[in-house]
Amino acid sequence: MPHKIGFVVVSSSGHEDGFNAKELMVHAPTVNGWRSPRFCQFPQEIVLQMVERCRVRKLQLLAHQYMISSKIEFYISDSLPEYFAPYQAERFRRLGYVSLCDNEKTGCKARELKSVYVDAVGQFLKLIFHKNHVNRYNLYNQVALVAVNIIGDPENCSDESNITSREKLIDHYLGQSSEDSGLDGSYIGKPDYISPLDDLAFDMYQDPEVAQIIRKLDERKREAVQKERYDHAKKLKQAIADLQKVGERLGRYDVEKRCAVEREDYDLAKEKKQQMEQYRTKVYQQLELHDLLDSQMIRKPFDLPLAPIVHSNSPRPQKSSQSLLHREEQAGEKPCAEPAKAQLHSPLNVKLQAAMGPPLPASDSLTKINVDLLPYDERPLPAVLKQQGEVYVEPEKVEEDLVPKGSTAGEPEPLTEKALREASSTIDVLGETLVAGAYSKTWSYREDALLSLYNRLMATPVGTPKEDLKNLLRAAIFLIRRAIKDLVPSVFQTSLKLLKMIITQYIPKHKLGKPETTVTVEKTLPNLLTRTGDSSARLRIIASNFIQELALCKEIKPLQIIPVHLIQPLKQNSSTHLAMSQTDLLARLLKDLGTENSGFTVDNVMRFSVSALEHRIFEIREIAIKIILDMYKKHRTLILEYLPADDGNARKNILYKTLFEGFAKIDGGTTMTMEAQRKATEEAEKQKKEEVKVLQVQLAALREMQAEAQFEKEKESDMGKMKNQDDPRKKAIHSNPPDVPDDHASVANYLDYLCIFCGERDDSFTEEGLDLHYWKHCPMLTRCEHCKQVVEIASLTDHLLTECDKRDDFGKCHRCCEAILKEELPRHIKIKACNPARSEKLANRCPLCHENFTPGEEAWKSHLTGPAGCTMNLRKVYHLQKTQATQLGRVFPPSWCRPSRFFLVFSSGSTL
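Right, let's walk through the structure included here.

Calculation rules
Residues numbered from 1 in each chain as written. Predicted model: local features only at pLDDT ≥ 70, side-chain atom pairs only at ≥ 80, totals over all residues. Heavy atoms only, no water. Helix = DSSP H or I, 4+ residues; strand = E, 2+ residues; numbered from the N terminus. Expected span 1.5 Å × (residues − 1). Buried < 20%, exposed > 50% of the residue type's maximum accessible area, 1.4 Å probe, protein only. Contact = heavy atoms within 4.5 Å. Core = buried A, V, L, I, M, F, W, Y, C linked by side-chain atoms within 4.5 Å. Phe/Tyr/Trp six-rings, centres within 6.5 Å; stacked < 30°, edge-to-face > 60°. Lys NZ or Arg CZ within 6 Å of the ring centre and 35° of its normal. Salt bridge = Lys/Arg side-chain N within 4 Å of Asp/Glu carboxyl O. Patch = residues over 30% accessible without salt bridge, like charges linked within 9 Å, V, L, I, M, F, W, Y side chains within 5 Å. Areas by Shrake-Rupley, 256 points an atom, 1.4 Å probe, with all protein chains shown as cover. Lys, Arg positive; Asp, Glu negative; His and termini not counted. Charge placed at Lys NZ, Arg CZ, Asp CG, Glu CD. Axes fitted to C-alpha atoms, helices over the stretch in contact; angles between N-to-C directions. Parallel < 35°, antiparallel > 145°, perpendicular 65-115°, else oblique. Left-handed = near helix turned anticlockwise from the far one by under 90°. Nonpolar A, V, L, I, M, F, W, Y, C, P; charged D, E, K, R; others polar.

A closer look at helix α19 (residues 537–552)
Now for step 1: Helix length check: α19 (16 residues) gives 23 Å between terminal C-alpha atoms against 22 Å at 1.5 Å per residue, within 8%.
Now for step 2: Of all the residues in α19, the buried ones are L539, R540, A543, S544, F546, I547, Q548, L550 and A551.
Now for step 3: In the core, the buried residues of α19 are packed alongside α17 (489–510), α18 (514–531), α20 (561–566) and α21 (576–593).

Notes on the nonpolar core
Now for step 1: Formed by 85 residues in total, the largest nonpolar core has its most connected members in I502 and Y506.
Now for step 2: The residues touching I502, leaving out its near neighbours within four places in the chain, are L457, L473, A476, I480, I507, P508 and T520.
Now for step 3: Of all hydrophobic cores here, the second largest spans 32 residues; its members include V9, L24, M25 and V56.

Overview of the environment of L770
Now for step 1: Counting through the fold element by element, L770 comes out in helix α30 (residues 767–777).
Now for step 2: A C-alpha to C-alpha distance of 8.4 Å links L770 and L754, two positions 16 residues apart in sequence.
Now for step 3: L770 has contacts with L754, C755 and F765, leaving out every residue within four places of it along the chain.

A short note on helix α16 (residues 466–484)
Now for step 1: In this model α16 runs 26 Å from its N-terminal to its C-terminal C-alpha over 19 residues, within 8% of the 27 Å that 1.5 Å per residue would give.
Now for step 2: Regarding α16, the residues found buried are L469, L472, L473, A475, A476, I477, L479, I480, A483 and I484.
Now for step 3: Residues of α16 that are buried make contact with α13 (424–430), α14 (432–438), α15 (443–458), α17 and α18.

Quick word on the packing of aromatic side chains
Now for step 1: Taken as a whole and assessed by the stated rule, the structure comprises eight aromatic pairs.
Now for step 2: Taking 6.5 Å as the distance between ring centres and 75 degrees as the angle between the ring planes, the aromatic pair formed by Y253 and Y279 counts as edge-to-face. Taken as a pair, Y253 in helix α4 (residues 230–262) and Y279 in helix α5 (residues 266–289) lie far apart in primary sequence, 26 residues in all.
Now for step 3: Between the aromatic rings of F853 and W860, the centroid separation amounts to 4.9 Å while the plane-to-plane angle is 85 degrees, which identifies the pairing as edge-to-face.
Now for step 4: Taken together, the ring pairs connect Y632, F660 and F663 into an aromatic cluster.
Now for step 5: If you follow R38 out to its NZ or CZ, it ends over the ring of Y140, 4.0 Å from the centre.

Topic: the pattern of salt bridges
As a working rule, side chains carrying opposite charge can pair if their charged atoms are close by.
Now for step 1: For the structure on display, the rule yields 27 salt bridges.
Now for step 2: The salt bridge involving D203 is made with R215; its shortest N-O contact spans 3.0 Å. Of the two residues, D203 sits in helix α2 (residues 200–205) while R215 sits in helix α3 (residues 208–226), which places them twelve residues apart along the sequence. Each member of the pair, D203 as well as R215, is classed as buried.
Now for step 3: The closest approach of N and O atoms between E516 and R474, which form a salt bridge, is 2.5 Å. Here E516 is found in helix α18, whereas its partner R474 is found in helix α16, with 42 residues between them in sequence.

Some details on the environment of L453
Now for step 1: Topologically, L453 is positioned in helix α15.
Now for step 2: For L453, a relative accessible area of 0% translates into the label buried.
Now for step 3: Remark: the alpha-carbon pair of L453 and L498, spanning 45 residues in sequence, is separated by 8.2 Å.

Describing unusual backbone geometry
Now for step 1: In this structure, P43 follows F42 across a cis peptide bond, with omega equal to 5 degrees.
Now for step 2: The topology assignment puts P43 in the loop between β3 (34–35) and β4 (44–63).
Now for step 3: In this structure, N597 takes a positive phi of about 55 degrees despite not being glycine.
Now for step 4: Inspection of the secondary structure assignment puts N597 in the loop between α21 and α22 (602–612).

What about a positive patch on the surface?
Now for step 1: Together, K418, R421, R481, R482, K485 and K523 give the surface a local cluster of positive charge.
Now for step 2: Secondary structure elements with two or more residues in the positive patch: α12 (417–422) and α16.
Now for step 3: In this structure, K418 sits in helix α12.

Overview of the packing of α21 against helix α23 (residues 618–635)
Geometrically, a packed helix pair is captured by the angle between its two axes and the distance between the axes.
Now for step 1: The N-to-C vectors of α21 and α23 enclose an angle of 15 degrees; their axes lie 9 Å apart at closest approach. Classed by the angle they form, the pair α21 and α23 counts as roughly parallel. Considering how the two elements wind past one another, α21 and α23 form a crossing that is left-handed. Of α23, the residues touching α21 (which contributes A579, M580, T583, D584, L586, A587, L590 and K591) are E619, I620, I623, I627, D630 and M631.
Now for step 2: Considering only residue class, the contact of α21 with α23 consists of nine nonpolar, one polar and four charged.

Re the packing of α19 against α21
Now for step 1: The interhelical angle for the contact between α19 and α21, taken along N-to-C directions, is 30 degrees, at an axis separation of 10 Å. Between α19 and α21, the angle is such that the two are roughly parallel. The chirality of how α19 crosses α21 is right-handed. Contacts from R540, S544, N545, I547, Q548, A551 and L552 in α19 reach H577, S581, L585, R588, L589, D592 and L593 in α21.
Now for step 2: Its residues assigned to classes, the contact of α19 with α21 shows six nonpolar, five polar and three charged.

Structure below.
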């Protein structure tokens, strides 16, 4: 039956520090796995040696979540070439390859487990990794492998094919199929059955110690089934199911403990460790209560024969073989069982033991533990060692480690000549003893010096002369600037405490005024900003929070010092942490302070944000996008001036596409504020006044042109009368229209009957007639369906957004620039079916037919009234019919054709 095959890593083409290929020999929830070097050459390869020559049935690979190889090839061989000689491709037989998913659908947050079924015989397996999938997280173009699992059986099982044929024959006569889902994985007597306990997913989510206990119980369950002890087998089956949940929980606790250690949250790590121990003890007691657990089962996974063998140079801190041997002897067991000896004395294990070095005598491990040889986190506490009867050997300490050279116990060392010159003015004010403590190489003296200075400033009486107060302040600032750079967290935090006291208590108490506050902040702020780029995440957070607290302080907020420093453009060669902290701090303060009298303005914030969009670091670009979107919520059109136009070229850039889509969501998801409505109304009224002025000028020009035309017509009519006296029909045709006045005195009255919007003139256009014309027939106007007001078609969109009674129900689409109902706006934006609008300088936009046409005021009239213009203007039909009737009425007398007959002939398309 195929089972899990142990292996060791023979070689790899390279690895990143802390991610050796030997990590693949360990299967546990907290393993790091292998990772290729940064910017490595491809392909990369790893060679594995199995414990014996076997027939490989299944290979399993657990890929990294974002360092993913595009393709992995498999090769197998029975032997290797000469030692240190290059591996020859012909010595390995190619099995095939697998392609890995780029993981974009999961956002690079899931790891792919790839299983490959093969049938190949050999002892050496080679994996070749090809070029990585490109994503935003894989900054160094690396590939990685978290775990690899080999499942097979010994190669000497020669009768396997006969057994397989026999089993298939039995299934055939019984009418069963091996593909039957009801029997899948339930019949373990089949030779090709693979236990789920050998699957890689089992080990990667289970606590290693619990996983070995589950395997032992599974063996007992199979023995009970063979002996037909079904009650006991049922009991073991239930225990295995419960233990799998226990192992997953313990594995999760272990991962959380490791994450806490990486964050330097040691309180949480200690809590998780105690939680694991208590939970493990409780479960083991329950198993012992039901006679399911004995001392032979509680063994670390590294004690078992087929477990991966860890080299001494493994990056993970593992317990030494001496401590494991000592634990086994305390449990009353022999160091190794007889079956294990056969494995340990195989040629492969002998070679590995030689590489690890000879074991120490058991007596030494019982009586003496040298803690210097253990990693720091693995060193036992002296109290625990005393309880176990072990002797704890303290590492030898030289006296100079406790007391610095040239000093006596309890006093800091004297100042050097360089320090005396550098701090001469500070020494004159504070004294040499306090300054020597601040310059000491012992961190406790430096902290005590700052605390002493804190108490001295607090105790300074109110009546002290101003000059002395200022000198004391200058000296304190000198030491604070030095302490801010200190690498010890306690000293750094003490300096911040002292600085806060000076700004909030010392300066206001003695009324030193804003100039001293300004000097204090300007001298210390650069060092504080530098600490926001510290390698320690804890210190970065402390520095950033302190700067934010200072900026919001009532003594510093009016000075606007901190915002001026934060809006300085990011340097491309600055450290990643420093640039990210500056951008994040600006975003947080912008929310707290706003852009009104805070040092932040729309101009300087947008200039910073637009430059940050081009930064090489992805996180900074994301923060810049958030800043711009937050600014757009408050300032709208002002923000668009700093960005390119929303067109196809701009949307090719994913950053600008994200911004424009964010703008659309904001416009569709928020209502306008009262201030925004007032500003929009004022702008609309101003625009309307300008349009009225333009119309008045056009009207004056039109009156002048019509007066000239009337004068010419009078001349032509006089000449026509003379020519057509003998032809009354010709006279009728060329005579003046009856509605045109004959004298100059009536020109003014004639121009009064004129529509200033469409230019139509009619005698019925009195005050009431014009109102009726505007209300029903003028093709340049329309009625708003929501408030029933008559508005110009050219300004219908602005009316719906700013003037209409239902304006709160509309939002503006940034693609077509038209007013859309907010309940339909998200779908409208999503489907992108609208015709994109062009710039006002390039084209006008009709809100009726949604088409772009020639720019300019005159183009509106030709579009809304012309035959080839707007197809959705219903008033245009009435206007065209009336115009055609007027023109034909001038050519033919009314008695020649009735209106009904005229329209009939016209509609049929025949000539008159």
